[in-house]
Amino acid sequence: MPERYTLENFRKLLHEPEYVLWELQRKIFQFRFGDGIDVMSKDWDNLVLLDACRYDSFEMENTIDGELTAVVSKGGSSWPFMQANFANRDLHDTVYVTANPHTGKLSDDVFHAVKMLHLEAWNDEYETVLPEDVLTAAIDAHEEYPNKRLIIHFMQPHRPFIGPTGQELREEYNLGGYNRTLVYEESNGEREETDFTARVERGELSLPRIREAYRENVATAVEYAEKVSNALPGKTVVSADHGELLGDQFTRFTKPKYGHSWEHLKNKELYVVPWLEIETDDRRTITADSPTEINRGSEAEVEDRLRSLGYR
């Protein structure tokens, strides 16, 4: 029996009957689209992963020449994607250059090497890893490991928003990092904790401006994905670990949802992602070698990064 079919979840149905609609929608999606693609079995030398990038947004912002198709991801958020594609495998011909803190959950023997940029290149002002630092690390990794496949995992377009609209929102609403939990003063003097999604749902944060800030992040991610493809030899594919909800409804009778922390939900906005193949005759010779030691940082550092990005 799937883990989500628990007594606790059945009790939720009594108070939130929309769970029935979500489960029905999940089953329909699974029947239509299957389990998703295995990214490691595909043909590429460089796999660029954009974090939380919807297919429709990428298609609108894409300026990179290549063959673009829509594919189904194995995960609706980063860790399920990594579990399904990387965990318990011998990927010793691959180096993972990643800004995503969830990578630290993988065992040491999966990849030949892992560059954890949330430890090496964290930006305290934006509370994320900026795309220019991921690009630099990718170039350095190729120079260090010229005969390995590279996965280059950008954090954008995942929040925090780093474009002009994002900067305005940070200044106006004191948004820092992913900003999952906020504390603010109520008019009656009481303090209340809320989160980003709740503020959007209440109309405190403008949904059109949130969508524009997300669009800017997508455009930035595309820009740096193209820089990766120009800087590195070999065949580059640009894809995403999962999508993002921007006020989307799962069914006509359920409330709009935001973000991607919805493990029990499954729809195209979360699971359908871009797959852009940039063809080239300049292919690399790939070899496998034993894994190298991984710098995992301290537990406190990792927890801090996860909290800033909304994972805690």
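I will try to describe carefully the structure that is included in this document. These numbers were taken from a predicted model, which means no experiment stands behind them.

1. Brief notes about the environment of phenylalanine 29
Inference 1: Residue position: phenylalanine 29 is located in helix α2 (residues 18-33).
Inference 2: Here phenylalanine 29 falls in the buried class, since its relative accessible area comes to 4%.
Inference 3: The sequence separation of phenylalanine 29 and asparagine 267 amounts to 238 residues, and the corresponding C-alpha distance is 6.4 Å.

2. With respect to empty space enclosed by the protein
Inference 1: For the structure on display, the rule yields two cavities of 30 Å³ or more.
Inference 2: In this structure, the second largest cavity occupies an estimated 50 Å³ of space.
Inference 3: Forming the walls of the second largest cavity are Arg159, Phe161, Phe196, Ile210, Tyr214, Glu244, Leu245, Leu246, Tyr258 and Gly259.
Inference 4: Residue assignment for the lining of the second largest cavity shows that the elements contributing at least two residues are α9 (207-231), β9 (245-248) and β10 (257-259).
Inference 5: Among the residues forming the lining of the second largest cavity, the class breakdown is seven nonpolar, one polar and two charged.

3. A few points about the packing of helix α6 (residues 131-144) against α9
Inference 1: Contact pair α6 / α9: the axes reach a minimum separation of 10 Å and the direction vectors enclose 15°. By the angle class used here, α6 and α9 are roughly parallel. Regarding α6 and α9, the two cross each other, and that crossing is right-handed. From α6, Pro131, Glu132, Leu135 and Ile139 reach across to α9, where they touch Thr220, Tyr224, Lys227, Val228 and Ala231.
Inference 2: Looking at the contact of α6 with α9 residue by residue, the class counts come to six nonpolar, one polar and two charged.

4. Points about unusual backbone geometry
Inference 1: Proline 157 follows glutamine 156 through a cis peptide bond whose omega is 10°.
Inference 2: You can see proline 157 is positioned in strand β5 (residues 149-157).
Inference 3: Cis geometry marks the peptide bond from arginine 159 to proline 160, where omega comes out at 10°.
Inference 4: Structurally, proline 160 is set in the loop between β5 and α7 (164-173).
Inference 5: Positioned with a positive phi, asparagine 88 is a non-glycine residue whose angle comes to about 60°.
Inference 6: As for its position among the elements, asparagine 88 is in the loop between α4 (78-85) and β3 (91-98).
Inference 7: Asparagine 88 gets classed as exposed once you look at its relative accessible area, which sits at 81%.

5. Remarks on the nonpolar core
Inference 1: By size, the foremost hydrophobic cluster in this structure holds 70 residues, and its most contacted members are Leu50, Phe86, Tyr96, Phe111 and Ile151.
Inference 2: Of the residues forming this core, the biggest block, 10 residues, is contributed by α9.
Inference 3: Ignoring anything within four residues of it in the chain, the contact list for tyrosine 96 reads Leu49, Met82, Phe86, Thr103, Leu106, Phe111, Ala113, Val114, Lys115, Ile151 and His153.
Inference 4: Membership of the second largest hydrophobic core comes to seven residues, among which are Leu245, Leu270, Tyr271 and Val272.

6. A look at the side chain of asparagine 267
Inference 1: Structurally, the position occupied by asparagine 267 is in the loop between β10 and α10 (268-271).
Inference 2: Of the polar contacts made by the side chain of asparagine 267, one reaches the backbone nitrogen of leucine 270; its length is 3.2 Å.

7. Focus on the pattern of salt bridges
Inference 1: Taken as a whole and assessed by the stated rule, the structure comprises 15 salt bridges.
Inference 2: With a shortest N-O distance of 2.9 Å, aspartate 38 and arginine 89 are connected by a salt bridge. Taken together, the residues aspartate 38 in the loop between α2 and β1 (46-51) and arginine 89 in the loop between α4 and β3 connect sequence positions 51 residues apart.
Inference 3: Owing to a relative accessible area of 21%, aspartate 38 belongs among the partly exposed residues under this scheme.

8. Brief notes about the environment of threonine 136
Inference 1: The residue threonine 136 is located in helix α6 in this model.
Inference 2: Residues threonine 136 and valine 228, spaced 92 residues apart in sequence, show a C-alpha to C-alpha distance of 9.1 Å.
Inference 3: In terms of polar contacts, threonine 136 uses its side chain to reach the backbone carbonyl oxygen of glutamate 132, at 3.1 Å.

9. Some remarks on the packing of aromatic side chains
Inference 1: Within this structure, the stated rule accounts for four aromatic pairs.
Inference 2: On the basis of an interplanar angle of 70° and a centroid distance of 5.3 Å, the ring pair of phenylalanine 86 and phenylalanine 111 is categorised as edge-to-face. Here phenylalanine 86, found in the loop between α4 and β3, pairs with phenylalanine 111, found in strand β4 (residues 111-116); they are 25 residues apart in sequence, far enough to count as distant.
Inference 3: With a centroid separation of 5.1 Å and an interplanar angle of 55°, the aromatic rings of tyrosine 96 and phenylalanine 111 are classed as tilted. Linking tyrosine 96 in strand β3 with phenylalanine 111 in strand β4, this pair joins segments that are 15 residues apart in sequence.
Inference 4: Relative accessible area serves as the criterion here: at 0%, tyrosine 96 is assigned to the buried category.
Inference 5: For phenylalanine 111, a relative accessible area of 2% translates into the label buried.
Inference 6: Through a chain of ring-to-ring contacts, the aromatic side chains of Phe81, Phe86, Tyr96 and Phe111 assemble into a single cluster.
Inference 7: We note arginine 149 situated over the ring of tryptophan 44; from NZ or CZ to the ring centre the distance is 3.6 Å.
Inference 8: The ring of tyrosine 271 has lysine 266 lying over it, and the distance from NZ or CZ to the ring centre is 4.9 Å.

What counts and how
- Residues numbered from 1 in each chain as written.
- Predicted model: local features only at pLDDT ≥ 70, side-chain atom pairs only at ≥ 80, totals over all residues.
- Heavy atoms only, no water.
- Helix = DSSP H or I, 4+ residues; strand = E, 2+ residues; numbered from the N terminus.
- Buried < 20%, exposed > 50% of the residue type's maximum accessible area, 1.4 Å probe, protein only.
- 1 Å grid on protein atoms, 1.4 Å probe; cavity = no way out; pocket = protein on both sides within 12 Å on 5 of 7 lines; lining within 4 Å.
- Points joined across faces, edges and corners; volume = space filled by probe spheres on them.
- Nonpolar A, V, L, I, M, F, W, Y, C, P; charged D, E, K, R; others polar.
- Axes fitted to C-alpha atoms, helices over the stretch in contact; angles between N-to-C directions.
- Parallel < 35°, antiparallel > 145°, perpendicular 65-115°, else oblique.
- Left-handed = near helix turned anticlockwise from the far one by under 90°.
- Contact = heavy atoms within 4.5 Å.
- Core = buried A, V, L, I, M, F, W, Y, C linked by side-chain atoms within 4.5 Å.
- Polar contact = N/O pair within 3.5 Å; in protein donor to acceptor, adjacent residues only side chain to side chain.
- Salt bridge = Lys/Arg side-chain N within 4 Å of Asp/Glu carboxyl O.
- Phe/Tyr/Trp six-rings, centres within 6.5 Å; stacked < 30°, edge-to-face > 60°.
- Lys NZ or Arg CZ within 6 Å of the ring centre and 35° of its normal.

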